[in-house]
There are 2 protein chains.
Amino acid sequence: KMLARSVSRLLARPSTALARRALSSGAPNITLRYFDSRGRAQGIRYALKDAEVEFKDDRVSLQHIISGNWFNLKADPSISGPFGVLPVLHWDDFTIGQTEAISGYLYHKLGHAEGLSLEDSAMSGALVSCAHQDVIVMCLQVLNVVGTAPDLKEEQIGQAVQSCTVRMNGILPRLEKLVGGKDYFLKDAPVMGDFCIYDALDQCKVILGDNVLDAYPGLKAFMERMANRPNIAKYIASGERPLFLTGAPQEAQILQKIQSVPRL
Amino acid sequence: KMLARSVSRLLARPSTALARRALSSGAPNITLRYFDSRGRAQGIRYALKDAEVEFKDDRVSLQHIISGNWFNLKADPSISGPFGVLPVLHWDDFTIGQTEAISGYLYHKLGHAEGLSLEDSAMSGALVSCAHQDVIVMCLQVLNVVGTAPDLKEEQIGQAVQSCTVRMNGILPRLEKLVGGKDYFLKDAPVMGDFCIYDALDQCKVILGDNVLDAYPGLKAFMERMANRPNIAKYIASGERPLFLTGAPQEAQILQKIQSVPRL
C-alpha cells in the first residue's frame, strides 16, 4: 500500500517525488536561518516549501537589528555561520552560508540537477545571481532612497521609481527571452533559478507596481504558474511568509509613499 | 615521448595536469569578457591563468563607460551575454554571465571538483560570494565614498577607511579559521573559492594597506602561497593584469588620497 502510494505520488507530482527520492536516506535535519524578511532568503524558502521538505524557518527578529543586538548574534558562528552573514543553511551536520552557495547546494540536494547538464546548472546559478544581485538590489535601492530621505518630494520619489523601472527594462527583456514560451526556465519543473527569479520579480512588483511585467507575457505566465503551484499557493495563503522585504522598520510606510506617487 | 612528457607533467604540476585532462577533448575556444579592471572578474582570470588555459581576455575599455557608449554595447547580447552584465564567459558555443555562475562552471571545467564533495563545492561557491559580495563590495565602497566627494576632509577619509577596516575585521577571523593551517581552503591545490578570496584580499590590501592581514598569519601565508604559484607570479610580472580595480577614471588619485591619510 505504501508502495502504491509512492508510485501514484511519483506519477502525480514529479518534482516533489524527485525531492523525496533525493532525501530517501532518511529525513534530514534542516534549518534555514535568515532575518524575518524576504530579502536574500525567500527564493530558498519557496524551493524548500515547494519540495515539501520539512525545515525550521528560523527567522531572526528585526528587533535585533533595530536594537543593535544583531552585532552580538553576528559574532556567534553557531548563529551567523561560517561567514558571519545570513542566510545560513544547516543540513544535518553541514553548515553553509551565502545565498548563491546555499542555492547551489540545494540544487543538488533537492534533485533539481536531474536531467540537466553542467551548462543548465550554470544557468540556474546565473538566474540566482541575477535575482539577488541585479533585480532585488536594484529594487530595494528605491526603498532605501525613499526611507533614508524622509523629506523627499513626490517628484523625487517618482524619479527614483522611474530610474529603477528603466533599469529593470534592461533586464526584463533578457529574462523574457530566457523563459521563452517554456513553463519554466530550464525544464518541466522549477529549479533554484526559477524560485529565485519568481521571488525577485515578486519583490519588484511590490515596489514598482503589478504592471511592471505587462510588456512581458512569458514572464507574466511564469509568475502565475509559480504562484499556482499547490505548495507555493498553500504557503502564501498560510500567511507564514514574511510580511516584509527588508529590515527597514518603516517599510510599510515607505511602500505606501512609493505607491501613492503618480507614475511618470 | 609525448606520453613521457605527459607523465612527468602529471607528476610535476598536479593541478595544471588536472586542468589539461579536463580539457583533453581538444582545446576549447574561450573568451572572458569584462571591463579593463579587476572588479568582479579578476579571480576568474587568476584561475584560467593558473591552469594555463588559453583564453581571450577581452577587456572593454573604460573609455566606453566614461563616454556612455557602454549602454550601446550593453544592449547587444553578443557582448553583454544573457543578462546584460559583465563578466561573460564564452566556452565554445556556451555563453554564461554572472561571476558566481561562471566560477561554478569553471570549478567543474577546470577539474577543481576532483576529489571534493558536494559540501566542498558549496564551500568554494560560498568563498566566491564572500569575496565579491562581502569583501570587494565593502572595500570598493571606500573608493566610491572618497571618489564622489572630492572635498572630503582628511578626517572623513580616515573614518571611511576605519569603518571599512572594522567591518573587514568581522570577516577576516572567519576566513582565517576556514583556511586554518592548510595550504589552501579545500584541498592541496586552489579551487575557484581560493582564487577569488586571493583576489578579494589583494584588492583589500591595495585599499586598506598591506598591514590589514597582520593579525591573520594563516591568511598571510595563503596570500603569499597564491602569489608564488608559478603561473600567477608570471602573470603578475608580465604586466598583463589590469592596473585598476574599478572603472573610476580618477582611481589612482583616489587611492593616493586614501593612502596619504594617517590611519586612526
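In this text the structure is predicted, and so the values were computed from the model without any measurement. (Residues numbered from 1 in each chain as written. Chains lettered and ligands numbered in written order. Predicted model: local features only at pLDDT ≥ 70, side-chain atom pairs only at ≥ 80, totals over all residues. Heavy atoms only, no water.)

In this section: the environment of Val161 of chain B. Residues and elements named next belong to chain B. Mapped onto the secondary structure, Val161 falls in helix α9 (residues 154–179). Relative accessible area serves as the criterion here: at 3%, Val161 is assigned to the buried category. For the pair Val161 and Val146, spaced 15 residues apart in sequence, the C-alpha to C-alpha distance is 9.7 Å. Beyond its immediate stretch of four places on either side in the chain, Val161 contacts Val142, Leu208, Ile258 and Arg263. (Helix = DSSP H or I, 4+ residues; strand = E, 2+ residues; numbered from the N terminus. Buried < 20%, exposed > 50% of the residue type's maximum accessible area, 1.4 Å probe, protein only. Contact = heavy atoms within 4.5 Å.)

To continue, consider α9 of chain B. One turn of the α-helix equals 3.6 residues, which is why residues spaced by three or four share an orientation. Here α9 of chain B spans 36 Å end to end across 26 residues, near enough to the 38 Å set by a 1.5 Å rise per residue. Along its length, α9 of chain B reaches its greatest deviation from straightness, about 30°, at Asn169 of chain B, and the proline Pro173 of chain B lies no more than four positions downstream. Of all the positions in α9 of chain B, only Ile157, Gly158, Ala160, Val161, Cys164, Met168, Ile171, Leu172, Arg174, Leu175, Glu176 and Val179 of chain B are classed as buried. Against the buried residues of α9 of chain B lie α5 (70–74) and α6 (77–80) of chain A together with α8 (118–148), α10 (192–208), α11 (217–227) and α13 (251–260) of chain B. (Expected span 1.5 Å × (residues − 1). Bend = angle between axes of the 7 residues up to and from the residue.)

Below, the discussion takes up the sheet that holds strand β1 (residues 30–35) of chain B. Residues and elements named next belong to chain B. Pairing within the open sheet is mixed, and its 4 strands lie in the order β2-β1-β3-β4. Of all the strands in the sheet, the pair left with one neighbour each is β2 (56–60) and β4 (94–97). On average, each strand axis in the sheet is inclined to that of its neighbour by 15°, with strand direction left out of account. Bridging between β1 and β2 involves 5 bridges; their strand directions are parallel. Along β2, the bridge assignment pairs Phe35 with Val60. Most of the contacts of helix α7 (residues 99–109) go to strand β3 (residues 88–91), to which it runs at about 30°, and overall it touches β3 and β4. (Pairing = 2+ DSSP bridges. Axes fitted to C-alpha atoms, helices over the stretch in contact; angles between N-to-C directions.)

A word on the packing of aromatic side chains. Residue and element names in this part refer to chain A. For the structure shown, the criterion picks out 16 aromatic pairs over all chains. Aromatic pair Tyr34 and Phe35: ring centres 5.3 Å apart, planes at 65°, arrangement edge-to-face. Owing to a relative accessible area of 7%, Tyr34 belongs among the buried residues under this scheme. Taken together through their ring pairs, the aromatic side chains of Tyr34, Phe35 and Trp70 make up a single cluster. (Phe/Tyr/Trp six-rings, centres within 6.5 Å; stacked < 30°, edge-to-face > 60°.)

What follows concerns the sheet that holds strand β2 (residues 56–60) of chain A. Residues and elements named next belong to chain A. Pairing within the open sheet is mixed, and its 4 strands lie in the order β2-β1-β3-β4. Because the sheet does not close on itself, it has two edges, and the strands there are β2 and β4 (94–97). Averaged over neighbouring strand pairs, the angle between their axes works out to 15° when direction is ignored. Note: strand β1 (residues 30–35) against strand β3 (residues 88–91), 4 bridges, orientation antiparallel. Directly across from Thr31, in β3, lies its bridge partner His90. Against the sheet, helix α7 (residues 99–109) contacts β3 and β4, and its axis sits at roughly 30° relative to β3.

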